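Okay, here's what each chain looks like letter by letter:
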Amino acid sequence: MSLKSVGSEQITFEQLLEKAHAFQYQSKDSAFYYIEQAKVLAKNIGHRTLKGKVANREGAVHYVAGNYQLALEKFLEAEEIFRGSKASPDYIFALNGRGLIYLGQKQYRDAIEIWETTLILNEDIKDTKALSKNLFNMGIAYAELKEFDTALEKLIGSLEKVLKDPSDHLKYMIQNRLAKTYFDTGNIPMAEKYYHQVLKDSAIINNWEKTFAFTGLAEVRQMQHKYDDALVLAQKGYEYGLFVGAYWDLCRVTVSLANIYEAKGDYENALAFNRLHKSYSDSLYSESKDLQISALELKLAKAENEVLRTEKDLMDDVVIRKNFILSLLVMVLMGFVFIVFIYRKSLKHKEAFNKTLKRKNKAIQKQKKEISTKNKSLNQLNEAKTRIFSVLTHDLRSPINSIKQLLELQKEGVFTQEETDQALDLLYEQIVKTDQMMAQLLQWANQQLEGAKVNQRKLDLTQEIENVIDLYEFQAGAKKISVRHDKSEEIQILFDIGDLKIILQNLLNNAIKFTPAEGHIVFFYSFADGNLVNLHIKDSGLGMEQDQIEFLKGSDLKMMDSVLGTENESGSGLGLLLVKQFLTNNGASLEIISKKGEGTEFILTFSLVDESVLQVK
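Everything numeric here is computed off the predicted structure, so don't read it as measured data.

The rules behind each value
- Residues numbered from 1 in each chain as written.
- Predicted model: local features only at pLDDT ≥ 70, side-chain atom pairs only at ≥ 80, totals over all residues.
- Heavy atoms only, no water.
- Pairing = 2+ DSSP bridges.
- Helix = DSSP H or I, 4+ residues; strand = E, 2+ residues; numbered from the N terminus.
- Expected span 1.5 Å × (residues − 1).
- Buried < 20%, exposed > 50% of the residue type's maximum accessible area, 1.4 Å probe, protein only.
- Polar contact = N/O pair within 3.5 Å; in protein donor to acceptor, adjacent residues only side chain to side chain.
- Core = buried A, V, L, I, M, F, W, Y, C linked by side-chain atoms within 4.5 Å.
- Contact = heavy atoms within 4.5 Å.

Some details on the pairing of strand 4 (residues 520-528)
Part 1 of the reasoning: Here strand 2 (residues 482-485) pairs with strand 4 via four bridges, running parallel. Within strand 4, the residue paired with Ser-482 across the bridge is His-520.
Part 2 of the reasoning: Both strand 4 and strand 5 (residues 532-539) contribute to a ladder of eight bridges, which runs antiparallel. For Ser-526, the partnering residue across the bridge sits in strand 5 and is Asn-534.

Details of helix 4 (residues 68-81)
Part 1 of the reasoning: Its 14 residues place the ends of helix 4 20 Å apart at the C-alpha level, agreeing with the 20 Å of an ideal helix rising 1.5 Å per residue.
Part 2 of the reasoning: In terms of residue burial, helix 4 counts as a mostly covered element, since 10 of its 14 residues are buried.
Part 3 of the reasoning: Along helix 4, the positions that sit buried rather than exposed are Tyr-68, Gln-69, Ala-71, Leu-72, Lys-74, Phe-75, Leu-76, Ala-78, Glu-79 and Ile-81.

Quick word on helix 20 (residues 497-514)
Part 1 of the reasoning: Between its first and last C-alpha atoms helix 20 spans 26 Å; for 18 residues at 1.5 Å apiece the expected length is 26 Å, and the two agree.
Part 2 of the reasoning: Counting buried positions along helix 20 yields 17 of 18 residues, so the element is predominantly enclosed.
Part 3 of the reasoning: Near the N-terminus of helix 20, the side chain that reaches the backbone nitrogen of Gly-498, with its oxygen 2.9 Å away, is that of Asp-496.

Some details on the nonpolar core
Part 1 of the reasoning: With 79 residues, the main nonpolar core has Tyr-63, Leu-103, Trp-115, Leu-178, Trp-208 and Leu-257 as its most contacted residues.
Part 2 of the reasoning: For Tyr-63, the contacting residues outside a window of four places in its chain are Tyr-68, Ala-71, Leu-100, Ile-101 and Leu-103.
Part 3 of the reasoning: Counting 41 residues, the second-largest nonpolar core is a separate cluster that includes Ile-491, Ile-549, Leu-552 and Leu-576.

Here it is, written out as structure tokens:
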């Protein structure tokens, strides 16, 4: 590649980054398209600094979209590339980006500390535009800390600098933030003034700025009890927010819409937007993201320690060379006595240096131990997360497939109008049941993440079975399978409620899956010595091969190969593994009686609580 061709691609590369910058507040998909093109050019040209510029811009787009973990990865990548030239705008940009991540994670003091550093660096290189951005970001952080006087001082200072360049779009962001800060202090006229100043130039401002301003005015109108005007403004903010795809702004506008609908008495829409708000909020502030960002910060600390060790090694080399040269000079100029004097002085310096070195090594070892402990915690959390996701996807697969089948039949026009009405009733009922099951599974998942492995308590086994049969009524009805429950007196057992629901759901789902149309499934009980009760789940299905039964009786916690059901229902092979593991965790046992073609009977043995024993007797 000639120098001329490299220069031509260099110009194209800068143009691509400018386009990505132009679209980052308009359409993140378009911004990422230009970033991918810039990545290809940077790779072809082979300059490491170009890779750093792409990482900076990609981090900025991820930040605007609310993807803080991905944004931090890119800013750290750029920071590492430009670390050798800390006075360069690219290094300052990466450092400023890290401050924005801290702001997004509500670590406002940490963000301000970084921006104080970048403020000094920008003053040194006399970058007025970057200084205005520094003051703007610091104003946001102080506003979030409720230090409104300092926030207004920083924001007004930023606006004064940026007004010197009328073409700079940063002024609209500053005016939006000034309006929000005045609103938070109760100065409604000033808030309205700045929001209207932004929207006055609606022909040239970007979608992100429109989202912020419309949402802000909706909050003002809501405070003034002008709910119809507030609703129109908030809907505009929501529309532009969806186009930009910025989670922070969607989180803000959805809670505003929920409050407006609630004030208007439209509780259905209020609930819908409250759920949307929770979804966007979870995407921004989930525990998983916090842990991923913490891991990246640990990685950064490790890299900085590595730099310190390298600098220490260089200092060691310099000290050795200086001592050697000094010794030679002393031998030539001062003689043996001066050499002895210098040698003793050198020993003292060496001893002091060794003490410092030991102290630093001790600090490094302590830091390594802390990092190792945190990594171990992260690994344990990842293992729990993987197991939880497996349970959630497995248990939700069957009801969601049922909903899908019903919708496909409706789409193909199979139903008459009367059947359509019945199908809609069934669909609504199934969705409600699936929602309840999902809520229970999520509650169980939260307990697992909080470290609650097995939480046994007194349960009514017959009632839990009734609940599960009701949950799978639609799936059984679709295959015309009768499900009978031979109820006994109230049977109370000691068991983890989340584990029991997953066990019963998996066994009933399996029975439906492998029972042909118009078959039957029955739940019944028997009692055994030793304060035990046996739950029998018997179906008229396909039955199991002997090698499958032996596999389940084995001690290995491995998944079986998935087998298709009577109507080609698919699975993951995870269900019976979960049943086996959760029964073992709760001190219960499983027996299987089955012959190929003659159905299957699962026998679960539980321990009764004392009150239940008295009832049975």
